Amino acid sequence: MREPLLRERQTIVTIPDMRKMCIKVKIHESNIKRIMKGQQALLTVDAFPDRKMEGEVTQVGVLPDSENSWLNPDMKLYRTTVTIKGQYDWTRPGMSTKVQILVNQLTNVVHVPIQAVKPLDEKKVCYVLTGNKVDRREVEIGEFNDEFIEIKKGLTEGEKVCLRAPAGSEAEGNGTGQKKAPPAPEKPKTEPAVAVVPAGKGN
């Protein structure tokens with residue numbers, strides 16, 4: 001039987017270097033301008049959700065990723081590399097990982113859960129619990145993540161806001177002033193507006 005031919009520099013087998021691992025993420029074009037080399041990141045592997053890792057952005061793509069672009073040609077995603085700091089014997093190549101890139105750190109600002117801010121016409125409003133009544137209040141928003149949003153004006157620390165618009169309010173509809181049929185009365189859920197701690201600590 002004839003032996004298979006091997007060419008010079010032909011790859012025969014790939015052995016991953018477990019001492020230095022990185023994560024490939026895709027950033028939407030609306031956020032890519034906020035991502036820069038050297039930014040710090042927090043990492044969580046789906047298989048070990050209780051174990052946290054730290055990483056650093058080491059490469060940001062300059063061209064949109066062409067992989068699967070035929071599925072949605074209008075969606076532009078940029079491939080970004082986050083290198084894991086340190087060595088972990090429980091990580092494996094190909095594991096699914098959640099990556100949080102720290103693009104900014106805010107201190108001494110008021111924030112509320114992101115679902116507490118509602119669009120109304122061209123404004124942003126919160127429903128504030130004052131005594132036994134709920135008041136609608138226009139707010140000015142700032143930075144935000146998946147959980148919290150910064151309130152620049154309109155709220156003070158310690159005030160309580162509803163996580164959903166009261167039944168029958170305009171914001172419960174489509175934001176154009178058209179109301180939905182009100183559901184059964186429900187006691188508003190509230191969450192205090194508190195000062196944000198530096199990113200990566202606390203909540």
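Scoring rules and cut-offs
Residues numbered from 1 in each chain as written. Predicted model: local features only at pLDDT ≥ 70, side-chain atom pairs only at ≥ 80, totals over all residues. Heavy atoms only, no water. Helix = DSSP H or I, 4+ residues; strand = E, 2+ residues; numbered from the N terminus. Buried < 20%, exposed > 50% of the residue type's maximum accessible area, 1.4 Å probe, protein only. Contact = heavy atoms within 4.5 Å. Areas by Shrake-Rupley, 256 points an atom, 1.4 Å probe, with all protein chains shown as cover. Pairing = 2+ DSSP bridges. Axes fitted to C-alpha atoms, helices over the stretch in contact; angles between N-to-C directions. Salt bridge = Lys/Arg side-chain N within 4 Å of Asp/Glu carboxyl O. Polar contact = N/O pair within 3.5 Å; in protein donor to acceptor, adjacent residues only side chain to side chain. 1 Å grid on protein atoms, 1.4 Å probe; cavity = no way out; pocket = protein on both sides within 12 Å on 5 of 7 lines; lining within 4 Å. Points joined across faces, edges and corners; volume = space filled by probe spheres on them. Nonpolar A, V, L, I, M, F, W, Y, C, P; charged D, E, K, R; others polar.

In terms of regular secondary structure, the protein is built from zero helices and 14 strands. Going from N to C terminus, the protein has its helices and strands arranged as β-β-β-β-β-β-β-β-β-β-β-β-β-β. Counting only residues that meet the buried cut, the protein has 26% of its 203 residues in that class. Restricting to contacts in the protein with at least 6 residues of sequence separation, those with at least 24 account for 66%. Surface accessibility of the protein: about 14700 Å² in total, with carbon and sulfur atoms responsible for 50%.

The topology assignment puts D65 in the loop between β3 (48-60) and β4 (77-84). Since its relative accessible area comes to 18%, D65 is described here as buried. On a C-alpha basis, the gap between D65 and M75 in space is 9.7 Å, while along the polypeptide they are 10 residues apart.

The next subject is the sheet that holds strand β1 (residues 22-28). Here five strands make up an open sheet; going across it, the order is β1-β4-β3-β2-β5 and the pairing antiparallel. Strands at the two margins of the open sheet, each flanked by one partner only, are β1 and β5 (97-101). For this sheet the average axis-to-axis angle between neighbouring strands, irrespective of direction, equals 40 degrees. As paired elements, strand β2 (residues 40-45) and β3 share six bridges and run antiparallel to each other. The residue bridging T44 from the neighbouring strand is K52, located in β3.

Take the environment of R51 next. Note that R51 resides in strand β3. Sequence separation of R51 and W90 is 39 residues, and the distance between their C-alpha atoms is 10.0 Å. Excluding anything up to four places from it in sequence, R51 contacts L43, T44 and W90.

Here we take up the pattern of salt bridges. Working definition: two side chains of opposite charge can pair if their charged atoms are close together. Going through the model one piece at a time under the given rule, you end up with four salt bridges. Where R34 meets E143, a salt bridge forms, and the shortest distance between an N and an O atom there is 2.7 Å. Here the residue R34 occupies a position in the loop between β1 and β2, and E143 occupies one in strand β10 (residues 140-144), the gap between them amounting to 109 residues. R137 is paired through a salt bridge with E159; the nearest N and O atoms lie 2.9 Å apart. With R137 in strand β9 (residues 133-138) and E159 in the loop between β11 (148-153) and β12 (160-162), this pair connects stretches of sequence that are 22 residues apart. A cluster of three or more residues bridged by salt bridges with shared partners is formed by K26, D65 and R79.

Attention shifts here to the side chain of K118. You can see K118 is positioned in strand β7 (residues 118-120). With a relative accessible area of 16%, K118 lands in the buried category. Looking at K118, its side chain comes within polar contact range of the main-chain oxygen of Q115, at 2.6 Å.

For the structure on display, the rule yields one cavity of 30 Å³ or more. The computed volume of the largest cavity comes to approximately 50 Å³. Of the residues that constitute the lining of the largest cavity, the class distribution is four nonpolar, three polar and two charged.

On to the pairing of β11. Each regular strand displays side chains that alternate between the two surfaces of the sheet. In the sheet, strand β6 (residues 110-113) pairs with β11 via four bridges, with the strands oriented antiparallel. Bridging across to β11, V110 finds its partner in I151. When β10 meets β11, the two strands line up antiparallel, connected through three bridges. Within β11, the position partnered with F144 by the bridge is I149.

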